[in-house]
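Each chain, letter by letter, is given below.
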Amino acid sequence: MIELHRWSKMMRSERWKFRLSSSLALLCLLIFFTPIALVQDKLGKIVKESIISNQKKRNYYLFVPATVKASTPLIVLLHGSGHNGLSLVEPWKDLATKEGFIIVGPDAASGGGWSAPRDGPDFLHDLVEALKSKYSINPRRIYLFGHSAGAVFALMMSTAESEYFAATAIHAGAFRTPDEYKTISNATRKIPLAIWVGTNDAFFPLADVRATRDAFQSKGFTIEVTEMPGHTHWYYDLAPSINQRAWEFLKKYELTSEPRYSQYLAPGPAGSANKLIEEINELGTKAQRLIQQSNEQELELNGKDFAKDRTQVRQIAQAEIDILTEAAGLWRAAAEKAASASQLGLPGKQKQYFDLIAQYDLKCAELLDTMRESAEALLSTESLATIEAKRAEAQKRADKLHQEVDELQKAIDKLMR
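Computed from a predicted model, the values in this text were never measured in an experiment.

Novice: In this structure, what is going on with the pairing of strand β7 (residues 193–198)? I would like to understand it.
Specialist: The side chains of a regular strand alternate, residue by residue, between the two faces of the sheet. Burial within β7 is extensive, with six of its six residues counted as buried. Alternating positions in β7 separate into two faces, Leu193, Ile195 and Val197 on one and Ala194, Trp196 and Gly198 on the other, with burial throughout. For strand β6 (residues 167–171) and β7, the ladder comprises four bridges, and the chain directions are parallel. Residue pairing across strands places Ala169 opposite Ala194, the latter belonging to β7. The pairing of β7 with strand β8 (residues 223–228) spans six bridges and is parallel.

Below you can see the structure in the form of structure tokens.
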């Protein structure tokens, strides 16, 4: 008999949780490796440096305390409108020295504030990875802190990269537009969040902050809100106290596994691809359920005496045929959507990915067709020897298809590395 449970593992659901990974981003990132002596010379000082991200020079302010130790946390500080990264690095410097963590304050591309995808997540990812190449940073303890416009962007980056940043704390910020609230659904992990806001903040009233808290809580997030009586939007006078409390919150959290980064999908071809991925995922999930049902039918056949239980064997076989026919149709539908995604004008490796997925799905459908043929043999009125010969032949073809599916899976895995 064809053992369906062997192939159900091959058609694993994890593949359908695909998110466009950084390996497919084709980012133009240049990391300037600095001699150890120069790195040591910068300890305990705020330095202005730059990287090239997406073919543009981007500035940032970095502070690495002389007290820094191996596997240290990193806090990415996102400034308010009209300011730069230095405006947050300065107030955080003393606490970073005391606690021994690294801080970096990138500059937004425009003085008017932050926006995606121009300022992140790709730029923030490039920056963090560049720093990780120079310093001993714990990849599971990378945090976000933002003020005002930087606070709003920190919340957006938290939902976009919930498996890359461990936790986020902000001052004077909240979601206010429908598009901002929609980003909550992007999160694949319930990243811990904390907000500090003044009761007299004219830019982010309590009603907006509370609505933001409620929206995140309704989705299962851990989010703390601290309302500061009499406090306004001005961060800098109370920065030492706010920073201390923010750090007490952030340091409690650490990713439970290695960080995962996914490229931001903007509207346009990439956005259409994202929609197709969701549809492919849905089809894959349905196919998995059917494969499980087919496994159960095949297990029911085990131990049956074909001669004595022929009527029952035929009933089970027919149920299995119906299930496999439907499952094969789902794989073909998924292949069509993958083929459509490959024609959206995406960058080279992303197009390659969808081309491979289309081939993989079609091959899976072909494999299920062969398994269906094996089940159809059980409906025959021919001799048991003839039926067994047909099923043996189907098994032989299925084994070959299984190998071809494995090769396609290896090609997909290699492309994503």
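Novice: I tried to follow the pattern of salt bridges on my own but got confused; where do I start?
Specialist: Once their charged atoms are close, side chains differing in charge can pair, the charge on each being opposite to the other. What the rule picks out here adds up to 23 salt bridges. A salt bridge links Glu49 to Lys134; its shortest N-O distance comes to 3.8 Å. Of the two residues, Glu49 sits in strand β1 (residues 46–53) while Lys134 sits in the loop between α4 (122–132) and β5 (137–147), which places them 85 residues apart along the sequence. Given the relative accessible area of 12%, Glu49 is considered buried.

Novice: What should I look at first to understand the sheet that holds β1 in this one?
Specialist: What holds strands together in a sheet is hydrogen bonding between their backbones, with the strands either parallel or antiparallel. On the basis of which strands lie adjacent, the open sheet formed by eight strands has the order β1-β2-β4-β3-β5-β6-β7-β8 and mixed pairing. Every other strand in the sheet has two partners, leaving β1 and β8 as the edge strands with one partner each. Across this sheet, the average inter-strand angle for adjacent strands is 20°, counted without regard to direction. Sheet topology places β5 next to β6; five bridges connect them, and they run parallel. Bridged to Phe145 within β6 is Ala169. Here α4 sits on the sheet and contacts β1, β2 (56–63), β3 (72–78), β4 (102–106) and β5; the angle it forms with β1, its principal contact strand, is near 120°. The strands that helix α7 (residues 206–218) touches are β7 and β8; relative to β8, the one it contacts most, it runs at about 165°.

Novice: Whenever I open this one, the packing of aromatic side chains confuses me. Can you help?
Specialist: For any pair of aromatic rings, the description rests on two quantities: the centre-to-centre distance and the angle between the ring planes. Scanning all chains against the criterion turns up 15 aromatic pairs. Summarising the aromatic geometry, the rings of Tyr143 and Trp247 are spaced 6.2 Å apart at their centres and angled 80° between planes, so their arrangement reads as edge-to-face. With Tyr143 in strand β5 and Trp247 in helix α8 (residues 239–250), this residue pair connects regions lying 104 residues apart in the sequence. Overall, Tyr143 belongs to the buried group, its relative accessible area being 0%. According to the relative accessible area criterion, Trp247 is buried, its value standing at 4%. Between the aromatic rings of Trp234 and Tyr236, the centroid separation amounts to 4.9 Å while the plane-to-plane angle is 65°, which identifies the pairing as edge-to-face. By the ring-pair criterion, three or more aromatic residues cluster together here, those being Trp92, Phe101, Tyr143, Phe145, Trp234, Tyr235, Tyr236 and Trp247. Note that Arg58 overlies the ring of Phe123, its terminal NZ or CZ placed 4.0 Å from the centroid.

Novice: How should unusual backbone geometry be read in this particular structure?
Specialist: It is generally the case that most residues other than glycine have a negative phi and that most peptide bonds are trans. Omega for the bond connecting Ala116 with Pro117 falls within 30 degrees of zero, at 5°, which places this linkage in the cis form. Following the sequence through the fold, Pro117 ends up in the loop between β4 and α4. Cis geometry marks the peptide bond from Gly120 to Pro121, where omega comes out at 10°. For Asn54, which is not a glycine, the phi torsion comes out positive at approximately 50°. By the secondary structure assignment, Asn54 is in the loop between β1 and β2. Overall, the relative accessible area of 34% leaves Asn54 in the partly exposed class. Despite not being glycine, Gln55 shows a phi value in the positive range, around 70°.

Novice: Whenever I open this one, the nonpolar core confuses me. Can you help?
Specialist: The nonpolar side chains of soluble globular proteins are, as a tendency, buried together. Judged by nonpolar contacts, the single largest core of 48 residues is most densely connected at Leu62, Leu74, Val76, Leu78, Val104, Leu124 and Leu131. For this core, the element with the most residues is helix α5 (residues 149–160), which contributes seven residues. Leu74 has contacts with Ile102, Ile103, Val104, Val128, Leu131, Ile137, Arg141, Ile142 and Tyr143, leaving out every residue within four places of it along the chain. Counting 34 residues, the second largest nonpolar core, distinct from the first, contains Leu283, Ile323, Leu346 and Tyr360.

Calculation notes
As a convention, each chain's residues are numbered from 1 in the sequence order in which they are written. In view of the model being predicted, local features appear only for residues whose pLDDT reaches at least 70, and side-chain atom pairs are presented and counted only at 80 or more, with totals across whole chains, interfaces and linings using the full set of residues. Only hydrogens and water are removed before side-chain values are computed, so all heavy atoms of the structure are retained for them. Residue exposure (1.4 Å probe, protein chains only): buried if accessible area is under 20% of the type maximum, exposed if over 50%, otherwise partly exposed. For helices the rule is a DSSP run of H or I covering at least 4 residues; for strands it is a run of E covering at least 2, with both sets numbered from the N terminus onward. Strand pairing follows a simple DSSP-based rule, namely that at least 2 bridges must link the two strands. Each salt bridge in this description consists of a side-chain nitrogen of Lys or Arg and a carboxyl oxygen of Asp or Glu lying within 4 Å of one another. Orientation is described by axes fitted as lines to C-alpha atoms, over the contacting stretch for helices, and by angles from 0 to 180 degrees between their N-to-C directions. Contacts are residue-level and defined by heavy atoms, with any inter-residue pair within 4.5 Å sufficient. Ring pairs are drawn from Phe, Tyr and Trp, using the six-membered ring of Trp, whenever the two centres fall within 6.5 Å, and their geometry is named by plane angle: stacked under 30 degrees, edge-to-face over 60, tilted for the rest. Here, a charge over a ring is recorded when the distance from Lys NZ or Arg CZ to the ring centre is within 6 Å and its angle to the ring normal is within 35 degrees. Put simply, a nonpolar core is a bunch of buried Ala, Val, Leu, Ile, Met, Phe, Trp, Tyr and Cys residues held in one set by side-chain atoms that sit within 4.5 Å of each other.

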